[in-house]
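Read off the chains here:
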Amino acid sequence: MNMKDKTVIVTGGGRDIGRACVLGLAAQGARVAINYHSSGTGAQSAVEEISASGGAAFALQGDMTSQADVKKLVSETQKHFGADIHALVHVTGGLVARKTIEEMDLEHWHTVMNLNTTSMFLTVKEVEPHMPEGSAIVAFSSQAGRDGGGPGAVAYATSKGAMMTMTRGLAKELGPRIRVNAICPGMIDTDFHNVFTADTVRAHVANVSPVKREGTPDDTANLAVFLASDQSAFMTGACVDINGGMLFS
């Protein structure tokens, strides 16, 4: 999965899956632009780790629901690494809070939809004009987009279902110049589940899965690097499950 001389933007790259994607791409030779929102320590330490290994990376704080911040990320990437951007790995997203329909107000709905779908729209819109032939976009959906998610996750699951639909539509619209695929993680050991999922639920899911464990950020990043690379050159419009066998699609 050689990414030598390729420039990649990773949004949400300061922690967990995003940070693992950053390090995985850099290990394959990519020049990596790291967007982060509030995980500056993780993003900066990733830059230091990559630089110490002879790679090239920088980190920039920004809100990917802000068009101005997205534009700045793209312009700074070009200042650092040149005009062409060869891959976008869009990890930005989140559940925000578990709220049932009865508990949810319109502000929460819009916040979740903007975080997960509008951020993808804005980022693709700004990056795509600078992507040459053979480039790749890797989006992040979720198992929740297939099965509706857990309690209080209707807004999140809906937004992640929309990410799968956006992936398919973009694959048609941007091909053959750009391939677009999505990753649908299940139970991955991240801060997301540290905050939003009870330990008993996590243990149950791990125990009933065929692989008998949670996934790791590196498990997911390995897939992201593959989809961003030429090794997946005949894949586009795919929404790829990575859940230890908890859901077959």
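Residues numbered from 1 in each chain as written. Predicted model: local features only at pLDDT ≥ 70, side-chain atom pairs only at ≥ 80, totals over all residues. Heavy atoms only, no water.

Participant: Could you give an account of unusual backbone geometry, naming the residues involved and the relevant values?
Facilitator: Excluding glycine, a negative phi dihedral is what most residues carry, and trans is how most peptide bonds are arranged. The linkage connecting Gly175 with the following residue, Pro176, adopts the cis geometry, with an omega of 0°. One non-glycine residue, Asp5, lies in the positive phi region at around 65°. If you trace the backbone, Asp5 turns up in the segment before β1 (7-11). With relative accessibility at 47%, the residue Asp5 sits in the partly exposed group. Despite not being glycine, Lys212 shows a phi value in the positive range, around 60°. (Helix = DSSP H or I, 4+ residues; strand = E, 2+ residues; numbered from the N terminus. Buried < 20%, exposed > 50% of the residue type's maximum accessible area, 1.4 Å probe, protein only.)

Participant: Describe the pairing of β1, with residues and values.
Facilitator: Burial within β1 is extensive, with five of its five residues counted as buried. Alternating residues of β1 divide into Thr7, Ile9 and Thr11 and Val8 and Val10, and every residue in both groups is buried. With four bridges joining them, β1 and strand β2 (residues 31-36) adopt parallel strand pairing. When the sheet's bridge partners are listed, Val8 is paired in β2 with Val32. One crossover worth recording links β1 to the parallel β2 by way of helix α1 (residues 16-27), and it is right-handed. The sheet contact formed by β1 and strand β4 (residues 87-90) spans four bridges and is parallel. The residue bridging Val8 from the neighbouring strand is Ala87, located in β4. (Pairing = 2+ DSSP bridges. Right-handed = clockwise from strand over helix to strand, strands pointing away.)

Participant: Tell me about the packing of aromatic side chains, residues and numbers included.
Facilitator: Both the distance between ring centres and the angle between the ring planes are used here to describe each pair of aromatic rings. Counting across every chain of the model gives one aromatic pair. Summarising the aromatic geometry, the rings of Phe58 and Phe81 are spaced 5.7 Å apart at their centres and angled 50° between planes, so their arrangement reads as tilted. On the criterion of sequence distance, the pair formed by Phe58 in strand β3 (residues 57-61) and Phe81 in helix α3 (residues 67-81) is long-range, its members being 23 residues apart. By the burial criterion, Phe58 is buried, and Phe81 matches it. (Phe/Tyr/Trp six-rings, centres within 6.5 Å; stacked < 30°, edge-to-face > 60°.)

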